[in-house]
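Here is what each chain is made of, one letter per residue.
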Amino acid sequence: MVDDKTHDRILEVENLSVEFSTYGGDVKAVRGVSFGVNRGETLAIVGESGCGKSVTVQSIMGIIPMPPGRITGGSARLNGMELLGLSAKESNKFRGVQIGMIFQDPMTSLNPTMTIGDQIAETLRVHRNKSYKEASALAVELLEKTHIPEAEKRAKQYPFEFSGGMLQRAMIAQSLACNPSVLIADEPTTALDVTIQAQILELMSELQRTENMSIILITHDLAVVAKMADEVAVMYAGQIVESGAVDDIFYHSSHPYTLGLKKAMPRNTGERKQKLMPIIGSPPDLFSPPTGCGYFARCPYAMKICETRQPENFPIVQDDDHHAMCWLQHEDAPVTKELHQNHASIDHAG
């Protein structure tokens, strides 16, 4: 970890808000999201489907359709350069060059009518002004870097000739073509079996070390977070409700939603016949977000104030980089036994 992180920020997002216009009204998909990404580190953004994870990073990349989408507020700066509000021409100067992206489903993200090699080479020809011959040779090198066997032969094949794991490797190769500073991986292992998942995650870690690249990992899999992340942002109902170092999030959880996610995750310790504890209820309607805490209706520790007033983003005691948007962290809040035990176990272990 870097001691003074503010001097090593490569991407800084502040108060990002995104809405979508529909026949039923305006969906407030992202509501005041802020986070930072440090050079050479991994930030994992976790949460249930529909909480705003993908919309957040797609807004930064400038790839949400506008309309119906629109960015209603906030800032996103890459190495000090503002990304929001750029024209399509200006966005192309950083998209795929300074920021690369691995999409959730490579089969629908790759062009079925072009060979894998040509698709990677196209990126190099557009952004690096390489000749077709130079770009094709570099495409093979990139496939080799992602450990695809017989890379020269594979470069001449089409997406339908690749397995799911190899398609994801090809997507990684394409996203690395211009040596981006930041790589966004949107659910990169969702459609893969566990063996291939492990290989893809190991590949991403290896490339991060060799290229000194920052990664934003979008996932709902806490096991992947534990393996990959340095920092974690927990999203719910379009907001980041808890953020901090990965150890803080797992062992010093300070928001009831984070605790709920942990309880819903299978564990390989203790008794074999452990029951999973689902989070009862559904996320709030973002056509008309609640005036108070978005988790109020599902929270087992909800108080009267939670229904009517938006909680502050409270710093957690003894750790300024760990924050939770929860009234239970207020100095006048009653002690919640489960949260208290969770904190005490860490203090004792330390």
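Now for a quick tour of the structure. (Residues numbered from 1 in each chain as written. Predicted model: local features only at pLDDT ≥ 70, side-chain atom pairs only at ≥ 80, totals over all residues. Heavy atoms only, no water.)

## Brief notes about the nonpolar core
In step 1: With 36 residues, the main nonpolar core has Leu-143, Ile-172 and Met-204 as its most contacted residues.
In step 2: When residues of this core are traced back to their parent elements, those giving at least two are α4 (116-128), α5 (132-145), α7 (164-175), β7 (182-186), α8 (194-211), β8 (214-219) and α9 (222-228).
In step 3: The element contributing the most residues to this core is α7, with six residues.
In step 4: Sequence-distant contacts of Leu-143, defined by excluding residues within four places in its chain, comprise Ile-116, Ile-120, Ile-148, Ala-151, Ala-155, Ala-170 and Ala-173.
In step 5: One finds Leu-16, Ala-29, Ile-64 and Ile-99 within the second-largest nonpolar core, a separate group that totals 33 residues. (Core = buried A, V, L, I, M, F, W, Y, C linked by side-chain atoms within 4.5 Å. Buried < 20%, exposed > 50% of the residue type's maximum accessible area, 1.4 Å probe, protein only. Helix = DSSP H or I, 4+ residues; strand = E, 2+ residues; numbered from the N terminus. Contact = heavy atoms within 4.5 Å.)

## Quick notes on the environment of Glu-90
In step 1: Here Glu-90 is to be found in helix α2 (residues 88-91).
In step 2: At 3.0 Å, the side chain of Glu-90 forms a polar contact with the backbone nitrogen of Ser-87. (Polar contact = N/O pair within 3.5 Å; in protein donor to acceptor, adjacent residues only side chain to side chain.)

## Some words on α4
In step 1: Look at α4: 18 Å from first C-alpha to last across 13 residues, which is about the 18 Å you get at 1.5 Å a residue.
In step 2: Looking at α4, one finds that the buried residues are Ile-116, Gly-117, Gln-119, Ile-120, Ala-121, Thr-123 and Leu-124.
In step 3: Here the buried face of α4 lies against α5, α6 (151-154) and α7.
In step 4: One or two residues past the end of α4 sits Asn-129, with phi positive at roughly 55°. (Expected span 1.5 Å × (residues − 1).)

## Side note on the pattern of salt bridges
In step 1: By the definition in use, this model includes eight salt bridges.
In step 2: Here Arg-70 makes a salt bridge to Glu-19, at a shortest N to O gap of 2.9 Å. Remark: Glu-19 occurs in strand β1 (residues 9-22) and Arg-70 occurs in strand β4 (residues 69-78); sequence separation between them is 51 residues.
In step 3: We classify Glu-19 as buried; its relative accessible area is 15%.
In step 4: Residues participating in the shared-partner salt-bridge network are Glu-19, Asp-26 and Arg-70. (Salt bridge = Lys/Arg side-chain N within 4 Å of Asp/Glu carboxyl O.)

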